[in-house]
Amino acid sequence: MLIDFTVKNYRSFRDVQLLSLYADSKPRHHSGNISYDNDLGILRTCAIYGANASGKTNVIKAFEALKGIVVNSGDLKDGDRIGYYEPYMLSADTANAPCHFEVEFYVEQQRYRYQISFDSAQITYEKLDFYPASRAANLFTRDSATDWKAVKFGEHYRGGKRQIAFFANNAYLSRAGNSPDAPEVIRKVYNYFRQQTEAVTTEQNIRVVGWEDEPTYAAIVNTFLQRADFGIDKFEIEERNMESLGLPSDMPYEIKHKIRQDFSKTEVFFHRSDSGDLVKFNKDQESRGTRRLFKILPFFLTVLEQGMTLFFDELESSFHPHMAELIVKIFNDPLINKKGAQLIFTTHDLTLMAPDKMRKDQIYLVQKNARGSELDSLESFDTSLKDSSPFAKWYNEGRLGGIPKINYRDISDAIKAGILNA
């Protein structure tokens, strides 16, 4: 489970910004929204609000970059550019400085803290600590970008090979975590990022291969379609005639196999007519929201089943607000979410910003000022904001910040001058 995520000098975040899922107060308030790992209260969900271009999506992209560095940088060849390097460009002090990420998390009830700094060419700093007791103990520290023999190891780093060669652009965790020679603890941390975390932006196509062949998943999706007011009685998967695609005989096998995976099956939906008969509809006849939810729901079920941490951009996109509310409610339900899955999402949906649904420390606002984007939870606001305060109303009125500053007069004058006088 994720405890804290810290970002510095990445995209619109110039200064240090902290996203914390640590529930450090009022454990009885919305107690179901809190999961516990070694008696530490950790939030199951977190909503991030803010104006367009304020930096909300950059929280998702920052975690996506962190995961990419850990999982993929070990495959970079000598001299390859680190593509995740995107510093804050509006200051001479940061435009060429390293990006920095820190993250605290639990793996199998053991707490870890990982830090990494990097620029376009090299990893400038890297450190992994863990907490065998109340105080941190170091597993490894990397101060040199190029000297792999200079990595320092703590006394708890044992059970495998220590010195593993890397290039300047390889994270040590990425190289060691994917090596059978490394200690088990390093492989566990590497696999936490690889298997237990995910970041989804709006551009990504979400797909869980073969989920429809799993009876449990199919039954849940059918129940969801029936009971969430989609007007759908059931779905089925039909086989397509692949010969009609006319794939070239000399097409590489890998590409041909991928195309067949994507196009060999199609879903159809059955609606009940006024006479009680089932009428089949192709997916193209369903709404965009229905098609999107149908693709996303198996992914959410996988996250819940595996206890993953999911960063998700624009949760309400194509959904009715009540559908987004239902998904958050499922993640916050301790009787469903038994494995500590977490959902951190950006949204404009104010129905979720309500004291009867979320705690103050589950709601973050992103605002952009002269020093870039700033990230603050409602818990950090002054004492006038109570647990029972109308969060959405105050936010909509601008009392909490995080909303667009719109100069209607200048905009309307530009339209009148540019269009109406043309």
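Residues numbered from 1 in each chain as written. Predicted model: local features only at pLDDT ≥ 70, side-chain atom pairs only at ≥ 80, totals over all residues. Heavy atoms only, no water.

### Topic: the overall build of the protein
Per the secondary structure count, the protein includes nine helices and 18 strands. For the protein, whose C-alpha radius of gyration is 24 Å, the value lies close to the compact-globule estimate of 22 Å for 422 residues. Counting all 422 residues of the protein, 50% fall into the buried class. Residue pairs in contact within the protein that sit at least 24 positions apart in sequence constitute 60% of those at least 6 positions apart. Carbon and sulfur atoms make up 48% of the accessible area of the protein, which totals about 21,200 Å². Separation of charge centres in the protein, based on 54 positive and 58 negative side chains, amounts to 3 Å. (Helix = DSSP H or I, 4+ residues; strand = E, 2+ residues; numbered from the N terminus. Rg over C-alpha atoms; globule rule 2.2 N^0.38 Å. Buried < 20%, exposed > 50% of the residue type's maximum accessible area, 1.4 Å probe, protein only. Contact = heavy atoms within 4.5 Å. Areas by Shrake-Rupley, 256 points an atom, 1.4 Å probe, with all protein chains shown as cover. Lys, Arg positive; Asp, Glu negative; His and termini not counted. Charge placed at Lys NZ, Arg CZ, Asp CG, Glu CD.)

### What about the packing of aromatic side chains?
All chains considered together, the criterion is met by 26 aromatic pairs. Measuring from ring centre to ring centre gives 5.1 Å for Phe235 and Phe294, while their planes differ by 75 degrees; the resulting arrangement is edge-to-face. Taken together, the positions of Phe235 in strand 12 (residues 234–239) and Phe294 in helix 6 (residues 288–306) put the pair 59 residues apart, joining distant regions of the chain. Both rings, one in Phe299 and one in Phe300, keep their centres 6.3 Å apart while their planes meet at 40 degrees; by these two values the pair is tilted. Among the aromatic residues, ring-to-ring pairing joins Phe5, Tyr10, Phe63, Tyr85, Phe101, Phe118 and Phe311 into one connected group. The ring centre of Tyr131 lies 4.9 Å from the NZ or CZ of Arg111, which sits over that ring. (Phe/Tyr/Trp six-rings, centres within 6.5 Å; stacked < 30°, edge-to-face > 60°. Lys NZ or Arg CZ within 6 Å of the ring centre and 35° of its normal.)

### Brief notes about the environment of Ile206
With respect to the helices and strands, the residue Ile206 is situated in the loop between strand 11 (197–200) and helix 4 (215–227). Take Ile206: its relative accessible area is 10%, and that puts it in the buried class. Put simply, Ile206 and Met1 are 205 residues apart on the chain and 22 Å apart in space, counted from C-alpha to C-alpha.

### A short note on helix 1 (residues 56–72)
Between the first and last C-alpha of helix 1 there are 24 Å, a value that for 17 residues agrees with the 24 Å anticipated at 1.5 Å per step. Of all 17 residues in helix 1, 14 are buried, a share of seventy percent or more. (Expected span 1.5 Å × (residues − 1).)

### Observations concerning the sheet that holds strand 1 (residues 2–8)
Taken in spatial order, the seven strands line up as 2-1-6-7-8-9-10 in an open sheet, and their pairing is antiparallel. Each edge of the open sheet is held by one strand with a lone partner, namely strand 2 (17–20) and strand 10 (152–153). Looking at chain direction, strand 8 (residues 123–130) and strand 9 (residues 137–142) are connected through five bridges and run antiparallel. Across the sheet, residue Lys127 finds its bridge partner in strand 9, namely Thr141. Where helix 1 meets the sheet, it contacts strand 1, strand 2, strand 6 (99–107) and strand 7 (110–118), and its direction lies at approximately 100 degrees from that of strand 1. Most of the contacts of helix 3 (residues 184–196) go to strand 6, to which it runs at about 105 degrees, and overall it touches strand 1, strand 6, strand 7, strand 8 and strand 9. (Pairing = 2+ DSSP bridges. Axes fitted to C-alpha atoms, helices over the stretch in contact; angles between N-to-C directions.)

### Structural notes on the packing of helix 6 against helix 7 (residues 321–332)
Where helix 6 meets helix 7, the axes come as close as 11 Å, and the angle between the chain directions of the two elements is 10 degrees. Taken as axis vectors, helix 6 and helix 7 run roughly parallel relative to one another. Every pair of crossing elements has a handedness; the one defined by helix 6 and helix 7 is right-handed. Each of Leu293, Phe300, Val303 and Leu304 in helix 6 lies in contact with helix 7, whose residues at this interface are Met323, Ile327, Ile330 and Phe331. (Parallel < 35°, antiparallel > 145°, perpendicular 65-115°, else oblique. Left-handed = near helix turned anticlockwise from the far one by under 90°.)

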